[in-house]
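Listed here are the chains, written in short residue letters.
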Amino acid sequence: MTLMNDWIDIGRIEDIPPQGARVIRTAQGDIAVFRTATDEIFALRDRCPHKGGPLSQGIVSGKTVTCPLHNWNIALDTGEAVAPDEGCAGHFPVKIVEGRISLLLSMERAKLAVVC
Amino acid sequence: MEKEKLVLVGNGMAGMRTLEELLKTAPEMYDITVFGSEPYGNYNRILLSPVLAGEKAFPDILLNDEPWYEANGITLHKNCEVTGIDRRARKVIARDGTTAEYDRLLLATGSNPFIIPVPGSNLPGVITFRDMNDVDTMISASKSLRHAVVIGGGLLGLEAANGLKQRGMHVTVVHLSRTLMDRQLDEVAGGMLHRSLEERGVEFLLGAETREIIGKKRVQGVRFKDGRETTADLVVMAVGIRPNIDLAKKSGLYCERGIIVNDTLQTYDPRVYAVGECVQHRRQTYGLVAPLFEQAKVCSDHLARLGIRRYQGSVTSTKLKVTGIDVFSAGDFTGNEQTESIVLQDPGAGVYKKVVLKDNRIQGAVMVGDTVDGAWYFQLMREGTDVSAFRTRLLHGQAHLGDAGHGGANAVATMDDKAEVCGCNGVCKGEIVQAIVGKKLFTLEDVRAHTKASSSCGSCTGLVEQILAMTLGGDYSAAPKAKPLCKCTEYTHDEVRAQIRERHLTGIAAVMQELEWKNPDGCAACRPALNYYLIATWPAEVKDDYQSRFINERVHANIQKDGTYSVVPRMWGGVTTPAELRAIADVAEKFKVPEVKVTGGQRIDLLGIKKEQLPAIWGELGKAGLVSGHAYGKAIRTVKTCVGSEWCRFGVQDSTNMGIQIERMTWGSWTPHKFKLAVSGCPRNCAEATIKDFGVVAVDSGWELHVGGNGGVKVRVTDLLCKVATPEEVLEHCGAFLQLYREEARYLERTAPWVERVGLAMIKQKIVENATERKALYARFLDSQKYAQVDPWAERAQNSVDRHEFIPLKQIA
């Protein structure tokens, strides 16, 4: 089990297209890792709080992603739906060291713990 | 640094709306002080009529209560009338001595009811209908007094009369003209309204000019110029309103009928802004809520120093808020020598509709009884839509043109709360009403954001607008005419396109920079639109920005509700071979494809495919010669065909082969919205070509070409473009029509609404009547195809393009 309250290296910034996203597969579900136009990196659970759409497939603009299923906008830094929609996808802490991205993943009752 | 001070004089709807908008965009910018002469927070003045009629209570119409001001750090001086402005010292002075300094001042002093200057008009018992205090007076009068006379048979007067009647008084309406609401209604409509109100027991004295109000200590009656007299215990003056400009005038601000403001809502003193009923803009004053809200938006942007919007005036419509009596009017409903009127009159059913047209465009409309299509006519009017294609059906309404999904329900008022309004998102009438009331929504956009109603296919937009109008009362009117492309810009679709062309812009970043986009990398609405406009305008130069495309077009497959994808290979003209079918069958088995289905466009769909599987599946399909069918994009979809003269005993032309030729020519082209085609081999039209964007129907002497059809939410039968003799002409006309659509329609506008908007005449003129223009369009289409006809599946199957899309960044056990 690699998932222990720990920073996990997932790759380089350049592995993700600007204004794009990549998926991290885990046994507990997918994580979407986003790169904004200004090279900021964010990680959310890859499930829209609305109907579970894969956020990693959405259009990234500014610090939001638009879910491909029903156009909910989700804030990348918190995972919160942009008002007036309500809900939270949950986010994971991200760290960048010398161009490499790490995520802080921890387990809570056999589930990935996300921050809301 | 100390914050700047903003003072608002007038705690009404226009001023407070401006503050609310300002708090959204620049919440920390100002220290805000509000002066209001009434003893409450801000309430919805347009709902005073239902309060008077006993259908609502005051708390229902309160917009911002006092804790709201506190929570937003706003100082509220209620019951505090401002009597002076010292513009040199930049402070306002109230009657009770309160003062407040300002860096920016916003005047929203509203309007005063007009009191006709006749003897006795100052007697106790003579009141106006303007604020909550008036309503309270009327309600308590109705408990002890018998006879009410309402002077003024306009919108406000009739609402007052209805309310007082509901409260049990004996009501007489006195009106100068012979027609009620003569500013908004013609004689027929006014007459019908007259009868409906009479049936409710309201009495009328028409053509009556008031000479004096009689009474000793308080009002006892009204005497008219012609000598008639009537008893009155209460007189309500509702003859009109005048902008309240006293304060502004006294302070030396230039006023005419109202306080003069420019397009940024500034008065002659640049530190002083004004909005609402007190202003005069481009010689117009307004007394309805929609224009005030448009002004509020512009004004708040300038107060927030965003400096982007301009107010350019409003077009308005009117609706009477008397429950059970539906009256609607907009624009020029009388007409003149240059206009034509279409009239429907059914006295038995109490229905009257009149639409005034000039050059097939709506100039105005007046309706009684059945006003469900008011919002639709108003929209057609504001957008200047050419109605020639459906003018014979115009008066039967939008529902008559065919709307799937809500079973022709149109009488909003009688609709059950549980009745579904938005079939796409499952939103009922009750939920919409609740959101409008509970969340204080005013616009269609608000309702879309909060309830999702009308936010998907849009076919229920008319209904939602009706519900808004019904819930808010008559002053609701729809959004301004020229809508910006999205919230990132003030430019419209057409303006953005023109700029891309004129300034030769070839990248999304360049467009956003040149046109001063508000969000540095746009949003999910504008980026796909800009990407389309760029590749359609400069096909040889622009690099397609895949990150600005919707996922389907980015990965060339159609995302499904569970996040899997569907794959539809192209089958030219719907013709396939055993080898192709075998390849599809093999793929379906090898990759355990959960479902195989035939699509509406005669192609085979493989459903439930995981994203990672896509390149491998495309590789296998590619080996059999199968390419992308573009069933996922705003692009050329399929050409549906019937078998035609090769096999069919009725066929008069080889429709299958014609379909194949068209599909070979057009595939791969990106279009503003999806584009479907069909070719039928005889007029029996088995390929259903007359509900396609471009439909071809074979006749003995050649081919009929049809355009602008749609089989979707709103079924629209095509218009006949022309008839041609040869397959070459079919291709040329098809290419030219497609190119015209690609160059002129707005992103996400199907051909059906586009044809209705620009008019078939324009399209015929460019494609049928002008051969030079047609050939030029056709040449431009073929040229753009040189860059478009690359099979996206083949590129990706070899793992050379966008590989990152199809593999996870990392797998964690």
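The residue count restarts for each chain, going from 1 along the sequence in the order it is written. To read the labels, note that chains go from A and ligands from 1, taken in the order they are written. Where local features are concerned, this predicted model is filtered to residues with pLDDT of at least 70; where side-chain atom pairs are given and counted, the filter is 80 or more; whole-chain, interface and lining totals use all residues.

Re the overall build of chain B
Alright, step 1. Of regular secondary structure, chain B possesses 25 helices and 39 strands.
Alright, step 2. Exposure classes come from backbone-placed C-beta atoms, where a residue is buried if 20 or more other C-beta atoms lie within 10 Å of its own, exposed if 12 or fewer do, and partly exposed in between. In chain B, buried positions account for 49% of the 813 residues.
Alright, step 3. Contacts are defined on C-beta atoms placed from the backbone: any two residues whose C-beta positions lie within 7 Å are in contact. Counted over contacts in chain B with a minimum sequence separation of 6, partners at least 24 positions apart contribute 63%. Only DSSP runs of H or I reaching four residues or more are called helices, and only runs of E reaching two or more are called strands; each is numbered from the N terminus.

Comments concerning the interface of chain A and chain B
Alright, step 1. Listed per partner, the contact involves 29 residues of chain A and 23 residues of chain B.
Alright, step 2. Looking at the side of chain A that touches chain B, the elements with two or more residues in it are β1 (6–12), β2 (20–26) and β5 (59–61) of chain A.
Alright, step 3. Examining the composition of the side of chain A that touches chain B, we find that 6 residues originate from one element, β2 of chain A, more than from any other.
Alright, step 4. Across the side of chain A that touches chain B, the residue classes break down as 15 nonpolar, 11 polar and 3 charged.
Alright, step 5. Pairing analysis gives 3 bridges linking β2 of chain A to strand β39 (residues 810–812) of chain B, with the strands arranged parallel. Directly across from Arg25 of chain A, in β39 of chain B, lies its bridge partner Gln811 of chain B. As a working rule, the residues Ala, Val, Leu, Ile, Met, Phe, Trp, Tyr, Cys and Pro are called nonpolar, Asp, Glu, Lys and Arg charged, and the rest polar, with Gly in that last group. One requirement defines pairing of two strands: DSSP has to find at least two bridges between them.

Re the sheet that holds strand β24 (residues 327–331) of chain B
Residues and elements named next belong to chain B.
Alright, step 1. Taken in spatial order, the 5 strands of this open sheet run β23-β24-β27-β26-β25, and their pairing is antiparallel. If you trace the sheet from one side to the other, it starts and ends with β23 (317–319) and β25 (340–346), each paired once. Across the sheet, the mean angle from the axis of one strand to that of its neighbour is 10°, orientation sign disregarded.
Alright, step 2. For β24 and strand β27 (residues 361–368), the ladder comprises 5 bridges, and the chain directions are antiparallel. From the neighbouring strand, Ala330 faces β27, where its bridge partner is Ala365. Axis definition: a line fitted to C-alpha atoms, over the contacting stretch in the case of helices. Angles run 0 to 180 degrees between N-to-C directions.

Looking at helix α10 (residues 374–383) of chain B
Owing to its 3.6 residues per turn, the α-helix aligns residues three or four sequence positions apart on the same side.
Residue and element names in this part refer to chain B.
Alright, step 1. Here α10 lies mainly inside the structure; 9 of its 10 residues are buried.
Alright, step 2. Regarding α10, the residues found buried are Gly374, Ala375, Trp376, Tyr377, Phe378, Gln379, Leu380, Met381 and Arg382.
Alright, step 3. Among the structural elements, β23, β24, β26 (351–358), β27 and α13 (461–472) are those in contact with the buried residues of α10.
Alright, step 4. Gly384 sits one or two residues past α10 and shows a positive phi near 60°.

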